[in-house]
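# An overview of the molecular structure
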Amino acid sequence: MKLLVMSDTHGDISFWEHVRNFIEESDYVIHAGDVLYHGPRNPLPSGYNPPKLAELINNSKPFFIAKGNCDAEVDQLVLSYPIASPYILLYFDPLKILVTHGEDKEEKDLWNMAEKYDVNILIFGHIHTPVLKKEKNRILLNPGSPSLPKVPHKTIALIDGKKISILDIFNKNELYSLEV
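Procedures and definitions
- Residues numbered from 1 in each chain as written.
- Predicted model: local features only at pLDDT ≥ 70, side-chain atom pairs only at ≥ 80, totals over all residues.
- Heavy atoms only, no water.
- UniProt positions renumbered as here; feature names shortened; annotations may be inferred.
- Helix = DSSP H or I, 4+ residues; strand = E, 2+ residues; numbered from the N terminus.
- Phe/Tyr/Trp six-rings, centres within 6.5 Å; stacked < 30°, edge-to-face > 60°.
- Buried < 20%, exposed > 50% of the residue type's maximum accessible area, 1.4 Å probe, protein only.

On the UniProt side, "domain: Calcineurin-like phosphoesterase" (unreviewed entry) is annotated at positions that read residues 1-160 here. Helix makes up 18% of residues 1-160 and strand 28%. Its end C-alpha atoms lie 6 Å apart.

Here we come to the packing of aromatic side chains. Tallying each qualifying case throughout the model produces five aromatic pairs. Ring centres of Phe63 and Tyr81 lie 6.2 Å apart, and the angle between their planes is 25°; on these two criteria the pair is classed as stacked. Within this pair, whereas Phe63 is found in strand S3 (residues 63-65), its partner Tyr81 is found in the loop between S3 and strand S4 (87-92), the two being separated by 18 residues in sequence. Taken individually, Phe63 and Tyr81 each receive the classification buried, so the pair is uniform in this respect. One aromatic cluster is present, built from ring pairs that chain together Tyr28, Phe64 and Phe92.

Below you can see the structure in the form of structure tokens.
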């Protein structure tokens, strides 16, 4: 099973060409929220085109989308994949994954959630910064942002078998990785 993980795309389409191959090679895409709207505190992305991004997503592999703080009910009118609740629990044998945007959570809260729900991986977004940490056989993963990163790299994450990688979307270099 190969999963592409992204978050915080904020209506930008400029990243799509750089991740198209990853999408095509993946079985599913997991999006940790803030899909279409740029948000009042973010700059307008250079490729801001929410209707086009919705079209690209709709014609793509199946997406699982957790609701972010910039996602609105009206976004569902243009997306064919549901923007789920603030939490999604996924099971891809043998992995149990909890997805949330996490805008109201500190890291310790996320670790507590991972333990409470007994998941292998907790995926979150919101901070626009990649995170990949492992404690007590649990993993905290933030794929960063392919659109509005708060670090020098525009990033996504891949879960491929027993390996998780965070990749720079431009040069495809692996920035971080670990075994599940």
